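Inside the fold
Here are the chains, one letter per residue:
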Amino acid sequence: MRDIPRSPTSPAFWRSPLRGPAFTSVLGLVLLVGVTVLFVTGLLSYAAYNPDLAAVNDKTPDKGLLGFYLFDWPTDPHWLYRLTQGVHVTLGVTLIPVLLAKLWSVVPRLFELPPVRSVTHALERLSLLLLVGGGLFEFTTGVLNVQLDYLFPGSFYPLHFYGAWVFIAAFVSHAALKVPAAMRNVRRMRRGEPEVAGDGAYGDETGAHEEAGGPHGGAGGPDGTARTLVAPCPDPPSVSRRGALAFVGGGSLLLFATTAGHSFDALRGTALLAPHGGVEPGPGPNGFQINKTASYAGIRAAETGEDAWRLVVTGPTGTVRLSRAELGRLPAHTARLPIACVEGWSTSDQEWRGVRLRDLAALVGHEGRAPDVFVESLQRHGAFRHAALRSNQVADPRSLLALHVNGAPLSADHGYPARVIVPAAPGVLNTKWVARMTFGRL
Ligand SMILES: Nc1nc2c(c(=O)[nH]1)N[C@H]1C(S)=C(S)[C@@H](COP(=O)(O)O)O[C@H]1N2
Ligand SMILES: [Mo]
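The paragraphs below set out a description of the structure included in this document. Everything quoted here is computed from the prediction, not taken from an experiment.

Conventions and cut-offs
Residues numbered from 1 in each chain as written. Chains lettered and ligands numbered in written order. Predicted model: local features only at pLDDT ≥ 70, side-chain atom pairs only at ≥ 80, totals over all residues. Heavy atoms only, no water. Buried < 20%, exposed > 50% of the residue type's maximum accessible area, 1.4 Å probe, protein only. Helix = DSSP H or I, 4+ residues; strand = E, 2+ residues; numbered from the N terminus. Pairing = 2+ DSSP bridges. Expected span 1.5 Å × (residues − 1). Contact = heavy atoms within 4.5 Å. Axes fitted to C-alpha atoms, helices over the stretch in contact; angles between N-to-C directions. Left-handed = near helix turned anticlockwise from the far one by under 90°. Nonpolar A, V, L, I, M, F, W, Y, C, P; charged D, E, K, R; others polar. Near = heavy atom within 4 Å. Polar contact = N/O pair within 3.5 Å; in protein donor to acceptor, adjacent residues only side chain to side chain. Areas by Shrake-Rupley, 256 points an atom, 1.4 Å probe, with all protein chains shown as cover. 1 Å grid on protein atoms, 1.4 Å probe; cavity = no way out; pocket = protein on both sides within 12 Å on 5 of 7 lines; lining within 4 Å. Points joined across faces, edges and corners; volume = space filled by probe spheres on them. Phe/Tyr/Trp six-rings, centres within 6.5 Å; stacked < 30°, edge-to-face > 60°. Lys NZ or Arg CZ within 6 Å of the ring centre and 35° of its normal. Core = buried A, V, L, I, M, F, W, Y, C linked by side-chain atoms within 4.5 Å. Domains from an automatic or database assignment. Salt bridge = Lys/Arg side-chain N within 4 Å of Asp/Glu carboxyl O.

**Looking at the pairing of strand β7 (residues 400-405)**
- β7 sits mainly inside the fold: five of its six residues count as buried.
- Pairing of strand β4 (residues 350-356) with β7, which is carried by five bridges, proceeds in the antiparallel orientation. Bridge pairing in β7 places glycine 354 opposite alanine 402.
- Looking at chain direction, β7 and strand β9 (residues 419-421) are connected through three bridges and run antiparallel. Note on β9: the bridge partner recorded for leucine 401 is valine 420.
- Direction of pairing for β7 relative to strand β8 (residues 408-409): antiparallel, over a ladder of two bridges. Bridge pairing links histidine 404 to proline 409 in β8.
- Where β7 hands over to β8, the hairpin turn is made up of two residues, of which asparagine 406 adopts a positive phi near 50 degrees.

In structure tokens:
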């Protein structure tokens, strides 16, 4: 019987024959592409939701320099946010097995001795801490927000945003160091060259990562050549590397198939893992997905009735109060638009009917050029009870204060008596149970 060391700080403690540069490199290259897409779509989501217009949408206060890229989110194509956020969340979920397998593949490194050998080595380990910590943090907060958004009363946005910058900074420097070797490793694997523990030639060829061999030898060359992650005393394999990669890929595929339908119509039926996935929750014109219900938001029937409810519209020429019947007598327009939530789910296009936001602006003194607007709900608590829209969103002829959807009055849960709907915007800007609209610079 072989004498297996008990301490994980000994290279011989790690016995999986799967570990090695090839396995790690394949997963790393998949993450390189995937995480880059996640980062771009994530930043786009902040541009869409955080117009830097009024403190109310500004979920990342004092972002300063990090807000350098913010721009006016367009209203075309009308499914833009459905696409960017659907990709962000679906891809994030799909990459979970890859991330976990990648971390598993390098876990022996965590236990290396001595923990710190030099200043450079200390800095390198610190950057890996930010990389692994940042990655786990971003994936965890993302999944929690999608699955249990009430865990994050408003604080999800700044956490996920700042976390993303920390993660991406560490990710970029890691990629710069590792990608050349990873490409070489994958090419060698495809040529079928074997990996050998500790020969250094087939390892981590970046000079910055050269490491001395451990006490059990075989894990690094005597002259400090790279440790290769290949187990010096491996157990017999129960699955090939290719088999293991296929297993990880299969896990990703399964997550994709059970998530993607929350935003891609063709896969609706299989979106079992997505809270707002699957088939529509109800029948009839108002039967599509609901985020927060009227009762959750504390909306009482008494305050939405024809006698009680008035829309209060304010602008440079003063304030106008309109009942629902009076709104119904203003020119009505139709727009076919989806709801696309920051949680990644979206609906197909629904047919909304109501008054154009720019017509409401004109009622209070904004003729011609559309202004920004601050929209407030009847709802008294919660981060989403108000939202700011930019002038390009107000100006779009498809941006409505909707009274009807799919030919029926809005249901209580979809925002009766009136809700905002704006093309290409995140769902969170489509305020329900609207009570007040203030047009002009805020
Ligand atoms: N007043 C109010 N409006 C709101 C919300 C809310 O919680 N309160 N949720 C927003 C979010 S996050 C989304 S995704 C959409 C969902 O609209 P729906 O429930 O009609 O599908 O409404 C938005 N409007
Ligand atoms: Mo949302």
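**Section: helix α4 (residues 119-147)**
- Between the first and last C-alpha of α4 there are 41 Å, a value that for 29 residues agrees with the 42 Å anticipated at 1.5 Å per step.
- Of all the positions in α4, only His121, Glu124, Leu131, Gly134, Gly135, Glu138, Phe139, Thr141, Gly142, Asn145 and Val146 are classed as buried.
- Residues of α4 that are buried make contact with α1 (21-49), α2 (80-94), α3 (96-110) and α5 (156-191).

**Things to note about the packing of α2 against helix α6 (residues 241-259)**
- Axis separation between α2 and α6 bottoms out at 8 Å; the angle between their running directions is 145 degrees. Of the two possible hands of crossing, α2 and α6 adopt the one that is right-handed. Contacts from Thr90, Val93 and Thr94 in α2 reach Ser252, Leu255, Phe256 and Thr259 in α6.
- Grouping the amino acids of the contact of α2 with α6 by side-chain chemistry returns three nonpolar, four polar and no charged.

**Some thoughts on the site of ligand 1**
- Ligand 1 sits among 18 residues. The nearest are Asn291, Gln379, His414, Arg419 and Lys432.
- Here a nitrogen atom of ligand 1 sits 2.6 Å away from a polar atom, N or O, in the side chain of glutamine 379.
- Look at ligand 1: alone it shows 530 Å² of surface, and the protein chains cover 99% of it.
- Grouping the constituent residues of the shell around ligand 1 by class yields seven nonpolar, eight polar and three charged.

**Some points on the layout of surface pockets**
- Quantified by volume, the largest pocket comes out at close to 980 Å³.
- Taken together, the elements giving at least two residues each to the lining of the largest pocket come down to α1, α3, α4 and α5.
- Among the elements that line the lining of the largest pocket, the one with the most residues is α4, at ten residues.
- Across the lining of the largest pocket, the residue classes break down as 22 nonpolar, ten polar and nine charged.

**Side note on the packing of aromatic side chains**
- Taken as a whole and assessed by the stated rule, the structure comprises 14 aromatic pairs.
- Note on phenylalanine 161 and tyrosine 162: the rings are 5.6 Å apart at their centroids and 65 degrees apart in plane angle, and the pair reads as edge-to-face.
- Each ring, one from phenylalanine 167 and one from phenylalanine 171, has its centre 5.7 Å from the other, and the planes form 55 degrees; the classification is tilted. Pair noted here: phenylalanine 167 and phenylalanine 171 are both in helix α5, with a separation of four residues, about one helical turn. As far as the burial class goes, phenylalanine 167 and phenylalanine 171 line up, both buried.
- The ring of tryptophan 104 has arginine 19 lying over it, and the distance from NZ or CZ to the ring centre is 4.0 Å.

**Details of the nonpolar core**
- Counting 88 residues, the largest nonpolar core has Trp352, Leu401 and Met437 as its most contacted members.
- In terms of residue count, α1 provides more of this core than any other element does, 14 residues in total.
- Viewed by domain, this core spans two of them, domain 1 (11-257) and domain 2 (294-439), each represented by three or more residues.

**Let's talk about the side chain of glutamine 379**
- Its place among the elements puts glutamine 379 in the loop between β5 (373-377) and β6 (386-389).
- On the accessibility criterion, glutamine 379 (14% relative accessible area) is buried.
- Ignoring anything within four residues of it in the chain, the contact list for glutamine 379 reads Ala297, Ile299, Arg385 and Trp433.

**Observations regarding empty space enclosed by the protein**
- Here the structure, examined in full by the defined rule, presents two cavities of 30 Å³ or more.
- In this structure, the largest cavity spans a volume of roughly 480 Å³.
- What lines the largest cavity is a set of 28 residues, among which Leu38, His88, Glu138, Gly142 and His160 lie closest to the centre.
- Those elements that place two or more of their residues in the lining of the largest cavity are α1, α2, α4 and α5.

**What to know about the pattern of salt bridges**
- One pass over the full model with this rule turns up twelve salt bridges.
- A salt bridge links arginine 390 to aspartate 72, with the shortest nitrogen-to-oxygen separation between them at 3.5 Å. With arginine 390 in the loop between β6 and α10 (391-395) and aspartate 72 in the loop between α1 and α2, this residue pair connects regions lying 318 residues apart in the sequence.
- The partner of glutamate 193 in a salt bridge is arginine 191, with the nearest N and O atoms 2.9 Å apart.
- According to the relative accessible area criterion, glutamate 193 is partly exposed, its value standing at 33%.

**Observations regarding the pairing of strand β1 (residues 311-315)**
- With five of its five residues buried, β1 lies for the most part within the structure.
- The alternating pattern of β1 places Leu311, Val313 and Gly315 and Val312 and Thr314 on opposite faces, both of which are buried.
- The hairpin turn running from β1 into strand β2 (residues 318-322), its antiparallel successor, is two residues long.
- With three bridges connecting them, β1 and strand β10 (residues 434-439) associate as parallel partners. Note that in β10 the partner of valine 312 across the bridge is arginine 436.

**Topic: the environment of alanine 308**
- One can find alanine 308 in the loop between α7 (301-304) and β1.
- Overall, alanine 308 belongs to the partly exposed group, its relative accessible area being 46%.
- Expressed as a C-alpha distance, the spacing of alanine 308 and serine 323, which sit 15 residues apart in the sequence, is 8.6 Å.
- Excluding residues within four positions of it along the chain, alanine 308 makes contact with Ala302 and Glu303.

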